[in-house]
Structure formats: structure tokens, C-alpha cells
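An overview of the molecular structure
What follows is each chain in one-letter form.
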Amino acid sequence: MENQSFLHRFFQLTEKKTTLKTEIIAGITTFFTMVYIVFVNPSILGDAGMDKQVVFVTTCLIAALGTIAMGLLSNLPIALAPAMGLNAFFAYVVVGKLGYAWQIGMGTIFWGSLGLLVLTIFQIRYWLMASIPLGLRVGIGAGIGLFIALIGFKNMGLVIANPVTLVALGNLHDPKVLLGILGFFIIVVLAARNIYSGVLISIAVVTGLAFFIDPNVTFNGVISFPPSLTTVVGQVDIAGALDTALLGIIFSFLLVNLFDSSGTLLGVTDKAGFSDERGRFPKMKQALYVDSVSAVAGSYMGTSAISTYIESGAGVSVGGRTGLTAITVGVLFLLTIFFSPLASVVPAYATAGALVYVGILMASSLIRVKWNDLTEATPAFITAAMMPFTYSITEGIAFGFMSYCVMKACTGRLKDINAPVWVVAILFLIKFIWVG
């Protein structure tokens, strides 16, 4: 009874009109909507040459620590985990396309996350976010979604390279391609029917069927003690990432994390009824610090920067209102650490559908663009389109900001371009001239 009384007082359950049971159920709901990340993140980072089982454990660990810290310090029902988009950009562009070692690539995420922390400390994070025009912010989010979806189609084999047409349709007679397509439709159909754990169900079904058609999928057990983390933790090359050729990538990681995490915090707190008309909510400062510090810690541990997850809204939708929801999520992530053998079982095409699904969610924001105003629509479209077409989030952001300045300046609307937009556009222009 005393413990219950302490929990009621500490988390203000009565004031927030919730109960212990409701908070735990909300935490379980949020966990099952986002636990797919413990399979998707190792799959993506594994393509960069990292140990999948170790990444599985560190993904669980940093998600648990960040989410529990959010619950204790901000008393918000918000969960954190490695950010989708950042991990894909790191693995398939910085390491895969540009050829950097994963240790250096992860170092660029570290510096971008550290920049976000500095912006938070000096209380200019929301000022900067508010200064970026809506069209560019929407374009960045949607572009990342299209970029992630392209990687998902590639991983399931539905889209392949073609020297004549650049891309082409994959082999629809390949059972692995068909399993990837099946996994995607399981997710979207279940999501449409408001079944929150659709991604996890899809990964389990496709992986189970893969045992019968793919000799490379082998069972290595379910439960084990966590492996040694030394092949990943402590291996990030922070000094090596301070290369002038990587400054644009570091800046892109900072911007993406800024919009992703800040936008999610605003969205979830608004859905829970915590925020006012200006987007402010109780213990906002603590939430921003937890979010920023966790991003730095996640990249240092080699799991990519972590960010607030929009899936937190699932827990809110079933009544989660306090940090007890977040702590429940964190504890479940800690328990998941002991299931690391499963990470090596899941094939890339089993998680590909989740990438395409995330792409759908992120691209849906394009509805907010003022399409009847070409000075707004053009930069938004350029930003979103250039990310998948150049296979680079950095180039998409760069062309988006520069096209915004061109459109506004050449149509007599110079006053629409504020200082942060000019600075970002000029920095990217210098990068293209100086670095290429």
C-alpha cells in the first residue's frame, strides 16, 4: 500500500486522472508498437559491418535507459529508441555509398547529437525549429520517409539496380521477394485495423516462413546471456569523424534529429493534452535534456542517435499520461536484452516491410504543404524528392534550403527568408563549392 501511495505521489496519478493499471497497460502497448526497432536496427547497422547481436543488446539498453530517464525526470509517457532515418542514412550512405568505416560514420552521428545537446543547453532548439519554414520541415520528414521506403523495397528485392533505367522491378518469382511483400501487407492491414503490434507480428511471420525457403536462415536459440559489447561499445571514432568532408553530414544529422525528436515531442504531448497553443508542456526543459543526452549516449554506444518515438502515441491513446508508462516500456526493453540470439535469425527482407511502413507514415506529412504556392511547394518537393533520388539525406536538405532561397528571392519575397535559412543555404553552397 505504501509503494502504491509513493507511486501515486511521485507520478501524480490522481492529478493526471489515471491509474497504476492504466499506466502499465499503456506501457505494454507502446512497447509492442516499437519493439520492432530491436530487429530493424541490428539489420540496418549489420549492413554497415556491425555485430548484429551486440547491436540488438545495445539497442535494447539505450532504449531502456533513455525511456526510463524520460519517465523519471519529465513524468511524460514518452519512449525513446534509435531513430529510423539516421540509422539508414549512416549504414547505406555514409558507410555503404561513401565508403567510410562504421566507426567514423557513427562518429558523425555523435557530433550531430552533441550539436543538438548544445542547442538545447543554450535554449535555441525550439527557436531554430520554429525558424525553419513549414514546407522545408515537412519536406525533410517526407524525404526521409521516401528514402527509408526505397531502402525497404531494395532490402525485400522488389526494387533492384539497372544500368539502363537506374532502377527496375525485382524477380517476383523469388520466394524471398514475395515474403517481403507479404510482410509489408501484414503490417499495413493490421495497422489499418488498429492492431498496434502489426510490425512485430509481420517480422515473426516472415521469419518463421523463411525457415522453409531460405537456407541462410538458421535457428540459434531464443534466450542467452548478453554477448560481450566490446566489438561495438567504445569503438566509435569520434576524432576521425572531424573531417571537413564530413561536416555536411554532421550538420544533416543535427538537423534531422532536431526536427524528428522535437516534432515527435510536440505531437505526443499535444495528443495527450499536455501542450498549450504554443507547443509548451510541463517539464519541457527536462524532456529536451533527456532526449538530447540520450542521443549523444546512443551514438557513443554505437546504436545510432536515439530519439523520441511517435509510437508513444499508442500508449497515450489507451490512457497513458505519466512517466510510469515510459518506465514500463524501459523495463520491457531491459528484459528483451536476453533474447539477443533472435537478432541473427531475422533476415533483411523480414524487416523491409517495416521500413516501407515508416516511409508511409513520414511521407503523409506532405499534405501540409501549400501546393498552390510554388515558392513553398518547390522547396518542399525538391527536399523530399532529392533524398531518394540522390540516395542522400544531406543532398535533399541542401537542395531544399537553396531552392527556397532562390524561389523567394527571385519572386520578390526576400522578407520570407529568415537568418537561419540563409545561413543553412550558404553553408551548403560553400560545401558544394569547397568539398563537392
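Here the structure is a predicted model, which is why all the values come from computation and not from measurement.

**Description of the layout of surface pockets**
The volume enclosed by the largest pocket comes to roughly 1,300 Å³. Around the largest pocket, the lining comprises 41 residues; the ones closest to its centre are D260, T264, I310, L361 and M362. Only α8 (134–155), α9 (175–192), α10 (198–213), α11 (247–271), β4 (306–308), α13 (312–317) and α15 (348–363) provide two or more residues apiece to the lining of the largest pocket. For the lining of the largest pocket, the element with the highest residue contribution is α11, accounting for 9 residues. For the lining of the largest pocket, a count of residues per class yields 24 nonpolar, 12 polar and 5 charged.

**Considering the nonpolar core**
Core analysis: the biggest nonpolar cluster contains 117 residues, and M84, F90, F147, F333, I397 and F401 have the highest contact counts within it. Look past the residues within four positions of F147 in its chain and what remains in contact with it is A88, F89, V93, M387, P388, Y391, S392 and I393. Counting 5 residues, the second-largest nonpolar core is a separate cluster that includes F11, L13, I68 and I327.

**So, the confidence of the model for the chain**
Predicted confidence across the chain gives a mean pLDDT of 89, with 97% of residues reaching 70 or more. Taken element by element, the predicted model of the chain shows its lowest mean pLDDT in helix α1 (residues 2–11) (74) and its highest in α9 (95).

**Points about the environment of T411**
Tracing the chain through its elements places T411 in the loop between α17 (393–410) and α18 (419–434). On the accessibility criterion, T411 (42% relative accessible area) is partly exposed. In the structure, T411 is positioned 36 residues away from T375 in sequence and 8.0 Å away in space, judged by C-alpha atoms. A distance of 2.6 Å separates a polar side-chain atom of T411 from the backbone oxygen of M407.

**Focus on the environment of L334**
Residue placement: L334 occurs in helix α14 (residues 323–336). Owing to a relative accessible area of 32%, L334 belongs among the partly exposed residues under this scheme. It is 48 Å that separates the C-alpha atoms of L334 and T375, two residues lying 41 residues apart in sequence. Every residue in contact with L334, bar those within four places of it in the chain, is listed here: L61, A64 and I68.

**Concerning the pairing of strand β2 (residues 159–162)**
For a regular strand, side-chain orientation follows a simple rule: the groups alternate between the two sheet faces. As defined by bridge partners, β2 adjoins strand β3 (residues 166–169) across 4 bridges and the pair is classed as antiparallel. Across the sheet, the residue bridging to V159 is L169, located in β3.

**Details of the pattern of salt bridges**
Here the structure, examined in full by the defined rule, presents 5 salt bridges. A salt bridge links R125 to D291, with the nearest nitrogen and oxygen atoms 2.5 Å apart. Of this pair, R125 sits in helix α7 (residues 125–131) while D291 is found in helix α12 (residues 284–301), placing the two residues 166 residues apart along the sequence. When sorted by exposure, R125 lands in the same class as D291, which is buried. A salt bridge links D416 to K408; the nearest nitrogen and oxygen atoms lie 3.3 Å apart. Given a relative accessible area of 25%, D416 falls into the partly exposed group. For K408, a relative accessible area of 0% translates into the label buried. Connected through shared salt-bridge partners, D373, E376, K408, R413 and D416 make up one network.

Calculation criteria
Residues numbered from 1 in each chain as written. Predicted model: local features only at pLDDT ≥ 70, side-chain atom pairs only at ≥ 80, totals over all residues. Heavy atoms only, no water. 1 Å grid on protein atoms, 1.4 Å probe; cavity = no way out; pocket = protein on both sides within 12 Å on 5 of 7 lines; lining within 4 Å. Points joined across faces, edges and corners; volume = space filled by probe spheres on them. Helix = DSSP H or I, 4+ residues; strand = E, 2+ residues; numbered from the N terminus. Nonpolar A, V, L, I, M, F, W, Y, C, P; charged D, E, K, R; others polar. Core = buried A, V, L, I, M, F, W, Y, C linked by side-chain atoms within 4.5 Å. Buried < 20%, exposed > 50% of the residue type's maximum accessible area, 1.4 Å probe, protein only. Contact = heavy atoms within 4.5 Å. pLDDT = per-residue confidence, 0-100. Polar contact = N/O pair within 3.5 Å; in protein donor to acceptor, adjacent residues only side chain to side chain. Pairing = 2+ DSSP bridges. Salt bridge = Lys/Arg side-chain N within 4 Å of Asp/Glu carboxyl O.

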